[in-house]
Amino acid sequence: MRRCQRDFAADHSGEVAQYIPELGKADPDHFGIAVATIDGHVYEAGDTDVPFTIQSISKAGVFALALDLLGPDRVEASIGVEPSGEAFNSIRLRPDNRPFNAMVNTGAIACCGLIATAEGDGTFELIRATLSRLAGRDLVVDEAVFQSERTTGDRNRAIAYLLRTYGGVAGDVDRLLDIYFRQCSVLVTARDLAVMGASLANQGVNPLTGIRVFSSYAVARTLAVMSSSGMYDFAGEWIYRVGVPAKSGVGGGILAALPSQLGLGTFSPRLDQHGNSVRGIKTCEAMSEAFDLHMLSRQDDVRACLVADYDFRTVPAKPGRRAGEQRILDDRSGAIRVVELAGKLSFATMDYVTRRLADPDHLPDFLILNLHRVATITDAGMRLFTQMIESQIPPSTTVVLAGVDGLSQVGPRVRQLVQEGIKVRAFPTYDAAVEWAEDQVVYRHGGFARGAEEADLSGQALLEGLSHEDAAAFAKLGTRVAFEAGVRIVSAVEPTPKVYFLLRGMASARSMTGVRITTMIPGMAFGELALIDQPRNADIWSETEVVCLEVGADAFEEFSRTHPAAGRRVIRNLAVLLAARMRMATARIDALTG
Ligand SMILES: NC(=O)CC[C@H](N)C(=O)O
């Protein structure tokens with residue numbers, strides 16, 4: 001931006017608009033450039049806070065307002081969407097006597113008239129408030145420019161009377177033109193134009209205020225007409241060289257909006273023969289080139305949405321399934337396939353994903369789709385997603401959705417599938433999903449009694465390798481404790497230096513937000529970190545009635561003193577467990593970043 005400032009400030013070509021006398025008083029050397037991102041960051045260079053009148057740039061906002069206020073049928077019946085290829089003030093109408101489009105004066109005056117017919121006396125205030133919401137601040141009128149245009153606006157008066165003869169506008173022409181002249185006299189800055197552009201780029205939601213100004217439908221259609229007609233009889237060159245929907249104004253402003261990315265605002269009063277800002281055009285062209293902004297040079301590759309595709313054993317649900325269960329799982333490679341998706345699920349991305357997943361040669365018993373990193377899903381993407389589950393993936397494969405509780409808008413739409421009875425399971429986290437799928441595989445191929453029997457300490461991974469005597473001595477350290485179902489046994493925020501050996505029932509580890517991370521069954525232990533350290537990272541809750549052997553860290557210390565070898569072996573077993581967890585975490589990171 002600064003380089004554009006420097007390079008193009010030396011360009012003094014073009015003329016400040018004179019046909020509206022007040023505009024002729026502008027300082028020809030003012031030059032401001034601003035960029036606003038759709039997450040609300042604004043970059044500025046030069047005179048970005050100098051106010052000037054919005055002029056024709058207002059037409060884009062008023063067209064979008066009309067579409068939302070009156071509906072597309074009503075607007076399109078009165079105003080075309082074709083480029084005119086002529087100057088902004090051309091009086092020529094289409095063969096059917098409609099204006100070519102709402103970006104030239106004929107269409108803009110007709111558009112203003114449509115709103116006036118519906119809103120009457122409140123029309124200008126509605127336009128001013130809408131433009132203010134788009135900019136994210138209260139905009140005011142430059143009364144001197146308004147009076148100047150009002151007294152010299154004969155050409156627009158002629159246009160309005162011509163329109164009225166064909167029913168393009170109705171009622172008092174002077175009253176309508178006052179609204180239109182006021183609309184053009186609203187004061188903005190280059191920063192405001194960038195924010196307005198970012199609001200359009202952000203599907204009609206102002207990224208600074210979070211307020212929705214226009215519907216996505218109105219935004220898409222407005223950007224379409226800006227692309228074909230926003231720069232008047234320079235529109236073809238513009239979309240060829242710059243490739244970003246834009247609207248110019250004789251006050252010296254240019255607003256450009258690149259969907260899903262950013263808004264661009266420039267201000268420099270000297271205009272070319274088309275009525276477009278000379279430095280503004282050069283700046284937009286240079287920035288499009290430098291930052292790859294051309295909307296038709298799309299860099300996003302649909303395949304990028306599928307970030308990982310691996311067998312569940314790369315990242316099993318938890319480190320310590322009991323030996324018999326683990327053997328069943330180890331013998332069933334391919335039983336559970338995990339696919340991680342990310343970014344935007346659109347028609348194109350879902351088409352690609354469907355072809356990858358419905359491949360008959362790679363159909364697992366369970367297909368886990370981890371959606372945790374999916375940010376948005378379009379309507380078409382949602383239709384294909386549902387079709388994929390309902391018809392492309394055969395019933396022999398159970399689709400399991402994970403990560404549906406993320407912050408994105410995808411969660412509620414996907415959970416809706418479950419409510420509609422679509423054959424799919426949904427879990428808040430990957431671990432909960434893969435644990436459920438593993439349980440199904442274990443159950444189908446050998447089954448297990450989940451927590452019904454009472455386990456003794458012999459199967460405890462922590463006590464592996466202890467002699468019978470040492471294990472018996474260790475068992476005497478502990479106290480049998482029982483918990484009702486649904487009780488928090490261990491709290492992450494109130495650490496108690498105790499280890500619990502699960503003898504009967506099921507318990508679960510839950511994150512601080514209450515999301516179930518993993519489930520524990522008899523023969524497993526929890527709280528073991530208390531043997532070496534204090535902090536805990538999760539709460540432990542009883543899922544059923546639970547019986548544990550509770551061993552205090554002090555008691556273990558005493559045991560290590562009286563049974564040093566056994567104590568060292570328990571600590572070594574703990575290190576092996578922690579190493580397994582680290583390997584699993586690393587494998588998961590590899591699977592996602594590979
Ligand atoms: N291109 C423009 O900005 C023209 C707007 C001006 N108010 C007019 O109607 O002529």
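Computed from a predicted model, the values in this text were never measured in an experiment. (Residues numbered from 1 in each chain as written. Predicted model: local features only at pLDDT ≥ 70, side-chain atom pairs only at ≥ 80, totals over all residues. Heavy atoms only, no water.)

Looking at this structure, I do not really get the packing of aromatic side chains. What am I missing?
Two numbers describe a pair of aromatic rings. These are the distance of the centres and the angle of the planes. Considering all chains together, one arrives at 12 aromatic pairs under this definition. Both rings, one in F474 and one in F559, keep their centres 5.3 Å apart while their planes meet at 90°; by these two values the pair is edge-to-face. With F474 in helix α18 (residues 468–475) and F559 in helix α19 (residues 553–562), this residue pair connects regions lying 85 residues apart in the sequence. What makes F474 buried here is its relative accessible area of 1%. Over the ring of F146 we find R182, and its NZ or CZ is 4.1 Å from the ring centre. (Phe/Tyr/Trp six-rings, centres within 6.5 Å; stacked < 30°, edge-to-face > 60°. Helix = DSSP H or I, 4+ residues; strand = E, 2+ residues; numbered from the N terminus. Buried < 20%, exposed > 50% of the residue type's maximum accessible area, 1.4 Å probe, protein only. Lys NZ or Arg CZ within 6 Å of the ring centre and 35° of its normal.)

Looking at this structure, how should I read the UniProt feature "binding site: substrate" (unreviewed entry) in the protein chain?
UniProt annotation of "binding site: substrate" (unreviewed entry) refers to S56, N105, E149, N156, Y180, Y232 and V250 when read in the numbering used here. Inspection of the secondary structure puts N105 in helix α4 (residues 105–119). Overall, N105 belongs to the buried group, its relative accessible area being 3%. Residue position: V250 is located in the loop between β5 (246–248) and β6 (253–258). Apart from the residues within four sequence positions on either side, V250 is in contact with A17, Y19, L23, Q55, F88, L271 and G275. (UniProt positions renumbered as here; feature names shortened; annotations may be inferred. Contact = heavy atoms within 4.5 Å.)

I'm lost on the nonpolar core in this one. Help?
Soluble globular proteins tend to bury their nonpolar side chains together. Counting residues in hydrophobic clusters, the biggest one holds 59 residues, and the most contacted among them are F63, I109, Y180, M196, L200 and F214. Broken down by secondary-structure element, the contributors of at least two residues to this core are α2 (58–70), α4, α5 (123–135), α7 (154–165), α8 (173–184), α9 (190–201), α10 (216–229) and β6. The element that contributes the greatest number of residues to this core is α4, accounting for 8 residues. Residues contacting Y180, with those up to four places away along its chain left out, are K59, N105, A108, I109, C112 and N156. Residues L371, L384, I393 and V404 belong to the second largest nonpolar core, which totals 28 residues. (Core = buried A, V, L, I, M, F, W, Y, C linked by side-chain atoms within 4.5 Å.)

So what exactly am I meant to see when it comes to the sheet that holds strand β1 (residues 32–37) here?
Either a parallel or an antiparallel arrangement is found when strands of a sheet pair, and the pairing is made through backbone hydrogen bonds. Strand order in the open sheet made by the 5 strands is β2-β1-β7-β6-β5, with antiparallel pairing throughout. Lying at the two open borders of the sheet, with one neighbouring strand each, are β2 (42–46) and β5. Strand after strand, the sheet turns through a mean of 10° between neighbouring axes, direction not considered. As defined by bridge partners, β1 adjoins β2 across 5 bridges and the pair is classed as antiparallel. Counted as the bridge partner of I33 is A45 from β2. In this fold helix α1 (residues 2–9) packs onto β1 and β2, with an angle of close to 25° to the strand it touches most, β2. Strands β1, β6 and β7 (262–267) of the sheet are contacted by helix α12 (residues 278–290), whose axis makes an angle of about 150° with β7. (Pairing = 2+ DSSP bridges. Axes fitted to C-alpha atoms, helices over the stretch in contact; angles between N-to-C directions.)

Looking at this model, I keep getting lost on the sheet that holds strand β13 (residues 479–483). Mind explaining?
Here 4 strands make up an open sheet; going across it, the order is β13-β20-β15-β18 and the pairing antiparallel. Bordering the open sheet on either side are β13 and β18 (525–526), each of which pairs with just one other strand. Pairing of strand β15 (residues 498–504) with strand β20 (residues 546–552) involves 6 bridges; the strand directions are antiparallel. What sits directly across from L502, in β20, is C548.

Please clarify how the pattern of salt bridges should be interpreted in this entry.
Two side chains bearing opposite charge may form a pair once their charged atoms approach each other closely. Across all of its chains, the model carries 27 salt bridges by this definition. A salt bridge links E143 to R182, with the nearest nitrogen and oxygen atoms 2.8 Å apart. A residue pair is termed long-range when its members are at least 10 positions apart, and E143 in helix α6 (residues 143–152) and R182 in helix α8 qualify at 39 residues. Relative accessible area serves as the criterion here: at 38%, E143 is assigned to the partly exposed category. Judged by its relative accessible area of 24%, R182 falls in the partly exposed class. Between R413 and D379 there is a salt bridge, with its nearest N and O atoms 2.9 Å apart. Here R413 is found in helix α16 (residues 410–419), whereas its partner D379 is found in helix α15 (residues 379–392), with 34 residues between them in sequence. Here the salt bridges do not stand alone but share partners, grouping D29, R270 and R279 into one network. (Salt bridge = Lys/Arg side-chain N within 4 Å of Asp/Glu carboxyl O.)

What should I look at first to understand unusual backbone geometry in this one?
Glycine aside, a negative phi is what most residues show, and trans is what most peptide bonds show. Positive phi, close to 65°, is recorded for S260, a residue that is not glycine. Mapped onto the fold, S260 is located in the loop between β6 and β7. A positive phi is found at D292, a non-glycine position, where the angle reads about 55°. Its location among the elements puts D292 in the loop between α12 and β8 (306–311).

Just checking my understanding: could you explain the side chain of T37 for this structure?
Relative to the assigned elements, T37 resides in strand β1. What makes T37 buried here is its relative accessible area of 15%. The contact partners of T37, leaving out residues within four places of it in the chain, are Y43, A198, P207, Q261 and L262.

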